[in-house]
Amino acid sequence: MITKDISIIRDRLIQGEPIGLPTETVYGLAANVFNSTAVSHIFKTKNRPTTNPLIVHVASISQARALVKRFPEKANQLANAFWPGPLTLILPKNETVSPMVTANQENVAIRIPNHPTALSLLNQLDFPLVAPSANPFNRISPTTAEHVDAYFPSIYTLDGGACKSGVESTIVGFEGDEVVLMRHGAISIEAIESRVGRILNRTSGSEKALVPGQHKKHYAPACDLIVTYEPLFMLSAVKQKKVGILWYQAVQIESIHVDVNLVLAPSGDLAEAAKNLFASLHTLDAMGLDLIIVERLPAHGLGLTINDRLDRAATK
Ligand code: TXA
Ligand code: MG
């Protein structure tokens, strides 16, 4: 069920029920962080392993501070630079946050979403919201209320329109004086380094991956998916019958006989590509194809985030 009425959503949350939450990155499946029954409901609804911790969404830096033991200076700099926004900070939790939320870890993930409807809701609640992305475990993340409703028709989803960033938040942690990248996301490494200098890379592609639950297979459509710099070369090598190609900037003319050709970002703008990524995968996923071939993006800025999501979608 989709609604624009914040008071319905507020009531559901107070009753301990999960709701679909719009954010600037992707839609979340949200519940009261302080209600353990509601939190366990989130894991069940998503079919998510309880070893995979949840991100907490707050309305303000002071609400974030109330959940943690320490807020390092570099965390403060990053929060001031990017909040509200798609940056999640991993900080030492205090006793107010239940171990169920953090999957028994000492740290909690926190961000302030940059979405007017989400902020308005959070400001009307006296508790923060846990919200993992609103997709069943391993499936494509939702970037519209309709995507959420298709996955979870029996819960209320607050309609906040199409997500502006379209990929999940960037996650960083802190080790001594160092900032550590744990998940590529909607804010590029370059943007973070322009604020705090060089940061360490511990994303799941790197040797010392840190984020638990960054499962290799994720964001997956129902059919096979291949990521490549050479879609046409790949096309000539595959046996599947009904094929769709998702191009980065433009359709190559030789692919006119392919069943479907979609383009992520005609302008070549990587932010536009990120915004369209999951919606394009949802569209292709609904077409009953045997195979989706996706053109790999340039490996810098948000291209790294998009390639990370595509590589997981391609994992069997
Ligand atoms: O943009 C986003 O971050 C979206 C929107 C809804 O805010 N949320 C989102 O949540 O992407 P989810 O659950 O799909 O991804 C959260 C990631 C998982 O890989 C999880 O393992 C990691 O954050 N995470 C959560 N809490 C953590 C913690 N305490 N320590 C380390 N990693 C954590
Ligand atoms: Mg997710």
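Residues numbered from 1 in each chain as written. Chains lettered and ligands numbered in written order. Predicted model: local features only at pLDDT ≥ 70, side-chain atom pairs only at ≥ 80, totals over all residues. Heavy atoms only, no water.

### Re unusual backbone geometry
To keep things clear, this is the line we draw: Helix and strand definitions here come from DSSP, where helices need a minimum of 4 consecutive H or I residues and strands a minimum of 2 consecutive E residues; each element is numbered from the N-terminal end. Only protein chains enter the accessibility calculation, which uses a 1.4 Å probe; a residue is then buried when its area is under 20% of its type maximum, exposed when over 50%, and partly exposed in between.
A cis amide bond, omega -10 degrees, links Trp83 with the succeeding residue Pro84. In this structure, Pro84 sits in the loop between helix H4 (73-82) and strand E5 (87-92). Here Asn47, not a glycine, exhibits a phi torsion of approximately 60 degrees, which is positive. Classification of Asn47 by relative accessible area gives exposed; the value is 59%.

### Remarks on helix H7 (residues 189-196)
The following threshold applies: Think of it as the arc spanned by the lines of direction from the helix axis to the C-beta atoms. Throughout, a contact is declared for two residues whenever any of their heavy atoms are within 4.5 Å.
Within H7, the full set of buried residues consists of Ile189, Ile192 and Val196. Projected down its long axis, H7 shows its buried positions confined to an angular sector of 65 degrees, all on one face. Contacts made by the buried residues of H7 are with H4, E5, strand E9 (170-175), strand E10 (178-183) and helix H10 (302-314). Remark: Gly197 follows H7 within two positions and exhibits a positive phi of approximately 80 degrees.

### Here's the deal with the sheet that holds strand E15 (residues 291-295)
Put simply, the rule reads: Note: two strands are recorded as paired if DSSP finds a minimum of 2 bridges between them. Orientation is described by lines fitted to C-alpha atoms, with helices fitted over the stretch in contact, and by angles between N-to-C directions that extend from 0 to 180 degrees.
Taking strand neighbours across the sheet as the criterion, the four strands line up as E12-E15-E13-E14 in an open arrangement whose pairing is parallel. Each end of this open sheet is capped by a strand with a single partner; those strands are strand E12 (224-228) and strand E14 (260-263). The sheet shows a mean angle of 15 degrees between the axes of neighbouring strands, direction not considered. Two elements, E12 and E15, share five bridges in a ladder whose sense is parallel. Counterpart to Ile226 in the pairing with E15 is Ile293. Strand contacts of helix H9 (residues 270-285): E12, strand E13 (243-247), E14 and E15, with the helix running at about 170 degrees to E14, the strand carrying the most contacts.

### Some thoughts on helix H5 (residues 116-123)
Taken together, the buried positions of H5 are occupied by Thr117, Ala118, Leu119, Leu121 and Leu122. The elements touched by buried residues of H5 are helix H1 (6-14), strand E2 (19-21), strand E4 (55-57), strand E7 (129-130) and strand E8 (157-158).

### Thoughts on the nonpolar core
Rules: We define a nonpolar core as any set of buried Ala, Val, Leu, Ile, Met, Phe, Trp, Tyr and Cys residues linked to one another through side-chain atoms lying within 4.5 Å. An automatic or database domain assignment is the source of the domain bounds shown.
Leu78 and Leu89 are the most contacted members of the largest nonpolar core, which totals 74 residues. Considering each element in turn, this core owes the most residues, seven residues, to H9. Residue contributions to this core reach at least three from each of two domains, namely domain 1 (2-201) and domain 2 (224-314).

### As for the pairing of E10
Most of E10 is tucked away, with five of its six residues classed as buried. Here five bridges tie E9 to E10, and the two strands are oriented antiparallel to one another. By the bridge assignment for E10, Gly173 is matched with Val180. Here E9 hands over to E10 after two residues, with Gly176 in that stretch at a positive phi of 60 degrees.

### Concerning the pattern of salt bridges
What counts here: We define a salt bridge as a contact between a side-chain nitrogen of Lys or Arg and a carboxyl oxygen of Asp or Glu at a distance within 4 Å.
Evaluation of the coordinates by the stated rule reveals 10 salt bridges. Two residues, Glu24 and Arg111, come together in a salt bridge whose shortest N-O distance is 2.9 Å. Linking Glu24 in the loop between E2 and strand E3 (28-32) with Arg111 in strand E6 (residues 107-111), this pair joins segments that are 87 residues apart in sequence. For the pair Glu24 and Arg111, one class covers both residues: buried. With a closest N to O distance of 2.6 Å, Arg309 and Asp308 form a salt bridge. Both residues of the pair, Arg309 and Asp308, count as buried. One salt-bridge network, in which partners are shared between bridges, spans Glu168, Asp308, Arg309 and Arg312.

That is the geometry; function is a separate question.
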